[in-house]
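# Topology and contacts: notes
Residues per chain are reported as follows:
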Amino acid sequence: MKKLYIWGAGEIGNRIRSHLSDSWEIIFVDSNIRLESRYCHGKRIIGIEDYLKKYSDEFILVAHLSEDESVEILHRNNLVNYFIHCDLPGEFKEPFIRDCLEQYVINYLGKRKDYILYGLNLYSIVIDDWLNREFGIHPNILIQDEVSELFIEKVKNKFGEINLINDINHIKGIKEICICFNDNRIQHKKYFLDKFLLTNIFDCSDKIESYYNPAIEKFHNIHQGQRCFIVATGPSLRMEDLDSLKQNKVICISMNSIFYAFGKTDWRPDYYVMSDYRGFSLYKDLLDSLSIKYKFLSDNSELFWKIPHEENIYCYHQHYEYCFDRLPKFSDNFSLRSYSGATVTYTCLQLAVYMGFTEIYLLGVDFSYGENESNKEYSHFYKEKEAADAVGFAKHVRLAYEAASTYTQKHGIRVYNATRGGKLEIFERVDFDSIFD
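If you're wondering where the values come from, they're calculated on a predicted model, not measured in any experiment.

This next bit is on helix α13 (residues 394-410). Taking 1.5 Å as the rise per residue, α13 with 17 residues should run 24 Å; its terminal C-alpha atoms sit 24 Å apart, in good agreement. Residues of α13 that are buried: His396, Val397, Leu399, Ala400, Tyr401, Ala403, Ala404, Ser405, Tyr407 and Thr408. Residues of α13 that are buried in the fold lie against α3 (67-76), α11 (344-354) and β20 (414-417). Glycine 412 occupies a position one or two residues after α13 and carries a positive phi of about 70°.

So, about the packing of α11 against α13. Between α11 and α13, the least distance of the axes is 10 Å, while the angle of their chain directions is 15°. Judged on the interaxial angle alone, α13 and α11 are roughly parallel. For the element pair α11 and α13, the recorded crossing hand is left-handed. On the side of α11, the interface is formed by Thr345, Tyr346, Leu349 and Val353, while α13 contributes Ala400, Tyr401, Ala403, Ala404, Tyr407 and Thr408. For the contact of α11 with α13, the class distribution of residues is 8 nonpolar, 2 polar and no charged.

The next thing to look at is the packing of aromatic side chains. For the structure shown, the criterion picks out 37 aromatic pairs. Where tyrosine 271 meets phenylalanine 296, the ring centres are 6.3 Å apart and the plane angle is 45°; that geometry is what we call tilted. Here tyrosine 271 is found in strand β14 (residues 271-274), whereas its partner phenylalanine 296 is found in strand β15 (residues 294-298), with 25 residues between them in sequence. The exposure class assigned to tyrosine 271 is buried, which follows from its relative accessible area of 4%. Ring centres of phenylalanine 296 and phenylalanine 334 lie 6.0 Å apart, and the angle between their planes is 90°; this geometry places the pair in the edge-to-face category. One end of the pair, phenylalanine 296, is in strand β15; the other, phenylalanine 334, is in the loop between β17 (318-319) and β18 (338-339), with 38 residues separating them in the sequence. For phenylalanine 296, a relative accessible area of 0% puts it in the buried group. Taking the relative accessible area as the measure of exposure, phenylalanine 334 reaches 1% and is therefore buried. Members of the aromatic cluster, each reached through a chain of ring pairs, are Phe219, Tyr271, Tyr294, Phe296, Tyr314, Tyr316, Phe334 and Tyr354.

Enumeration according to the criterion identifies 27 salt bridges in this entry. One salt bridge in this structure joins lysine 2 and aspartate 129, with 3.3 Å as the shortest N-O distance. With a gap of 127 residues between them, lysine 2 in strand β1 (residues 2-7) and aspartate 129 in helix α5 (residues 122-135) connect regions that are remote in the sequence. Here arginine 414 makes a salt bridge to glutamate 359, at a shortest N to O gap of 3.5 Å. You can see arginine 414 sitting in strand β20 and its partner glutamate 359 sitting in strand β19 (residues 359-363), a full 55 residues away along the chain. Given the relative accessible area of 44%, arginine 414 is considered partly exposed. One network of salt bridges, with partners in common, ties together Lys2, Glu102, Asp129 and Arg133.

Quick look at the environment of isoleucine 258 now. Relative to the helices and strands, isoleucine 258 resides in the loop between β13 (251-255) and β14. By relative accessible area, isoleucine 258 is classed as buried at 0%. For the pair isoleucine 258 and threonine 233, spaced 25 residues apart in sequence, the C-alpha separation works out to 6.2 Å.

Mapped onto the elements of the fold, phenylalanine 151 is located in helix α6 (residues 149-158). With residues up to four places along the chain from it excluded, the contact list for phenylalanine 151 reads Phe59, Val80, Tyr82, Phe83 and Leu120.

Moving on: the confidence of the model for the protein. Looking at the protein, pLDDT values average 89 and 90% of them are 70 or higher. Per-residue pLDDT stays below 50 along residues 370-379; that stretch engages in 12 contacts with residues further than four places along the chain or on separate chains. Taken as a whole, residues 382-390 scores under 50 in pLDDT and shows 10 contacts with residues more than four places along the chain or in a different chain.

As a further point, take the nonpolar core. Taken as a class, soluble globular proteins show a tendency for nonpolar side chains to be buried jointly. In this structure, Leu4, Tyr51, Tyr123 and Ile127 are the most contacted members of the largest nonpolar core, which totals 66 residues. Among the elements that take part in this core, α5 stands out by supplying 7 residues, more than any other. Core analysis: the next-biggest nonpolar cluster, separate from the first, contains 40 residues, Ile230, Ala232, Phe296 and Val344 among them.

In this section: the sheet that holds strand β8 (residues 140-142). One open sheet holds the 5 strands; their spatial order is β9-β8-β7-β10-β11, and the pairing between them is parallel. Strands with a single pairing partner mark the edges of an open sheet, and in this sheet they are β9 (163-165) and β11 (197-200). Across the sheet, the mean angle from the axis of one strand to that of its neighbour is 35°, orientation sign disregarded. Relative to strand β10 (residues 176-179), strand β7 (residues 115-118) runs parallel, the two sharing 4 bridges. Each residue of the ladder has a partner; that of leucine 117, found in β10, is cysteine 178.

Take arginine 98: it is sitting in the loop between β6 (82-84) and α4 (100-109). Polar side-chain contacts of arginine 98 include one of 2.8 Å to the side chain of glutamate 94. When neighbours within four sequence positions are excluded, arginine 98 is seen to be in contact with His19, Tyr211, Asp299 and His317.

So, about the sheet that holds β20. Read from one edge to the other, the open sheet built from 8 strands follows the order β16-β15-β14-β13-β12-β19-β20-β21, with strand pairing classed as parallel. Each of the sheet's edge strands pairs with one partner strand only, and the pair in question is β16 (313-316) and β21 (428-429). The sheet contact formed by β15 and β16 spans 4 bridges and is parallel. By the bridge assignment for β16, lysine 295 is matched with isoleucine 313. Sheet strands touched by α11: β12 (227-231), β13, β14, β15, β16, β19 and β20. Its angle to β13, the strand with the most contacts, is close to 150°.

Cut-off values and rules
- Residues numbered from 1 in each chain as written.
- Predicted model: local features only at pLDDT ≥ 70, side-chain atom pairs only at ≥ 80, totals over all residues.
- Heavy atoms only, no water.
- Helix = DSSP H or I, 4+ residues; strand = E, 2+ residues; numbered from the N terminus.
- Expected span 1.5 Å × (residues − 1).
- Buried < 20%, exposed > 50% of the residue type's maximum accessible area, 1.4 Å probe, protein only.
- Contact = heavy atoms within 4.5 Å.
- Axes fitted to C-alpha atoms, helices over the stretch in contact; angles between N-to-C directions.
- Parallel < 35°, antiparallel > 145°, perpendicular 65-115°, else oblique.
- Left-handed = near helix turned anticlockwise from the far one by under 90°.
- Nonpolar A, V, L, I, M, F, W, Y, C, P; charged D, E, K, R; others polar.
- Phe/Tyr/Trp six-rings, centres within 6.5 Å; stacked < 30°, edge-to-face > 60°.
- Salt bridge = Lys/Arg side-chain N within 4 Å of Asp/Glu carboxyl O.
- pLDDT = per-residue confidence, 0-100.
- Core = buried A, V, L, I, M, F, W, Y, C linked by side-chain atoms within 4.5 Å.
- Pairing = 2+ DSSP bridges.
- Polar contact = N/O pair within 3.5 Å; in protein donor to acceptor, adjacent residues only side chain to side chain.

Here it is in structure tokens:
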């Protein structure tokens, strides 16, 4: 039986646990001392100090938002036998637990012997488990150059059945390299490009049929070359600014709890987006009845999508990208997927680009929630706790905005920040009051 300690007895840790078979022994680790000696979903919880003193020879997965702090603690204790949840595919982190990725990978690889897995990490070890349970085989796993010898030895000691190789030249019949990392992070060995087919099996979101919604394709480039506003729900948003958008007939995309403003303004967004799975519980009685022409809701709720909805509601696949040391991906096809980026504003940016907008203004994107007294006004859209919960994602959100800036600049799309104040300085600032002069 494989053993894994999961540092994080919260939502992220439990989601990952749900993707591991019964052949894994799971023990949760948490920094909150009050959780010690308790159980999470039937699994024991121990404190991090207990792990460091008694079990530090076992592999641990960092499965919470403060990844860098946890990695620093592990390094101070001279540990290399750890994994990070950000290095797992999005399916391991999404709230709607399903086996789409597992089934796709099993069906794609099958019993073939003409491929190798590239990348020694928790994901390739999990794939080995999938294939062993399904077909009784252990695929070859090619170790990437940057992996330390100590880490390799630890893996061999704890996951001894897997087949690790350092060189593929002596393996006959190999035609395909299946990459098990986020391919933005990998420097492919040069001879791969000439000799083998490279296949990304880390992010298969463009290959899994159930993620694709052909009904969304009609929105592709529907606003080619036009201007739009993405209206967020930050504390700086003024009702008179919304009135101005209506008066100037600006196409708007908005989100989440924006409907709380509808009693104070005649303005309505043309498009509405909700990506947070919690919204299906909070707003389930409102989503169908919202007086908005088109609504795009993520596929994060199995219960919601089991029942029929209005024709103007479109289900899109929300692919989870929690990144603490790299930029998340930016979707070029919203009908296939949108990358979460830990903020619905990032989803709105991907939708706006897909629709063909080339001039995008952000309004109400404060990027400073929960940090000062002025944000008490946030309650006109969120309860205080909901605003505070967002703060833990700040570094992930920043990386998402940087990814959006990189993508839009590369593709000749101008993004401006027309928010009144706030702390988002990644996009060029413009004065809202001067836009319609």
